[in-house]
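Structural features, examined
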Amino acid sequence: MSKKDLHIAFEEAVNYVNSYTEPLPADLLLKLYAYYRIANKNFNHPGSRTPLINAFKANALIQAQKVTPKKAMENYIELVNTELKSG
């Protein structure tokens, strides 16, 4: 997959998640959050007003810290395809 195709597929996956209306499991949301932030090279402090949620988000980022932005996009797309679109 070319770099351009990867970016298009990633944006399509993000749009799919953003338009998804069913509740998502917390562990899946945290993985998607971490991959999204890494793919966009956004390592700012999580913006929740709830300290516990910030801790979970920070932990998800720490667990995925060795993932490259390219791999984060690929992982995000794969999660959407396997967990949301197939089920």
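See above for the structure.
A few points on the structure.

The rules behind each value
- Residues numbered from 1 in each chain as written.
- Predicted model: local features only at pLDDT ≥ 70, side-chain atom pairs only at ≥ 80, totals over all residues.
- Heavy atoms only, no water.
- Phe/Tyr/Trp six-rings, centres within 6.5 Å; stacked < 30°, edge-to-face > 60°.
- Helix = DSSP H or I, 4+ residues; strand = E, 2+ residues; numbered from the N terminus.
- Buried < 20%, exposed > 50% of the residue type's maximum accessible area, 1.4 Å probe, protein only.
- Lys NZ or Arg CZ within 6 Å of the ring centre and 35° of its normal.
- Axes fitted to C-alpha atoms, helices over the stretch in contact; angles between N-to-C directions.
- Parallel < 35°, antiparallel > 145°, perpendicular 65-115°, else oblique.
- Left-handed = near helix turned anticlockwise from the far one by under 90°.
- Contact = heavy atoms within 4.5 Å.
- Nonpolar A, V, L, I, M, F, W, Y, C, P; charged D, E, K, R; others polar.
- Core = buried A, V, L, I, M, F, W, Y, C linked by side-chain atoms within 4.5 Å.

Moving on, we get to the packing of aromatic side chains. The tally for this structure, following the rule as stated, stands at four aromatic pairs. An angle of 25° between the planes, with centres 6.1 Å apart, marks the rings of Phe10 and Tyr36 as stacked. Of this pair, Phe10 sits in helix H1 (residues 3–19) while Tyr36 sits in helix H2 (residues 26–39); the two residues are 26 residues apart in sequence, bridging distant segments of the chain. Ring centres of Phe10 and Tyr76 lie 5.2 Å apart, and the angle between their planes is 70°; this geometry places the pair in the edge-to-face category. Taken together, the residues Phe10 in helix H1 and Tyr76 in helix H4 (residues 69–85) connect sequence positions 66 residues apart. Note on accessibility: Phe10 and Tyr76 belong to one class, buried. Here a set of aromatic residues connected by ring pairs shows up, and it is made of Phe10, Tyr36 and Tyr76. For the cation-ring pair, Lys85 lies above Tyr16, with the distance from its terminal atom to the ring centre recorded as 4.9 Å.

Running from N to C, H1 and H4 cross one another at 45°; their axes reach a closest spacing of 9 Å. Taken together, the axes of H1 and H4 are oblique relative to one another. Like other packed secondary-structure pairs, H1 and H4 cross with a definite hand, here left-handed. Each of Leu6, His7, Ala9, Phe10, Ala13, Val14, Tyr16 and Val17 in H1 lies in contact with H4, whose residues at this interface are Lys70, Met73, Glu74, Tyr76, Ile77, Val80, Leu84 and Lys85. Of the residues in the contact of H1 with H4, the class split is twelve nonpolar, one polar and three charged.

Moving on, we come to the nonpolar core. The biggest cluster of nonpolar side chains holds 24 residues, and the ones touching the most others in it are Phe10, Leu32, Tyr76 and Val80. Of all the elements in the fold, those that place two or more residues in this core are H1, H2, helix H3 (51–63) and H4.

Note on placement: Asn75 falls in helix H4. Given a relative accessible area of 13%, Asn75 falls into the buried group. Setting aside residues up to four positions removed in sequence, Asn75 forms contacts with Tyr35 and Val67.

Another point: unusual backbone geometry. The backbone of Lys41 shows a phi angle near 50°, a positive value even though the residue is not glycine. In this fold, Lys41 is placed in the loop between H2 and H3. For Lys41, a relative accessible area of 59% puts it in the exposed group.

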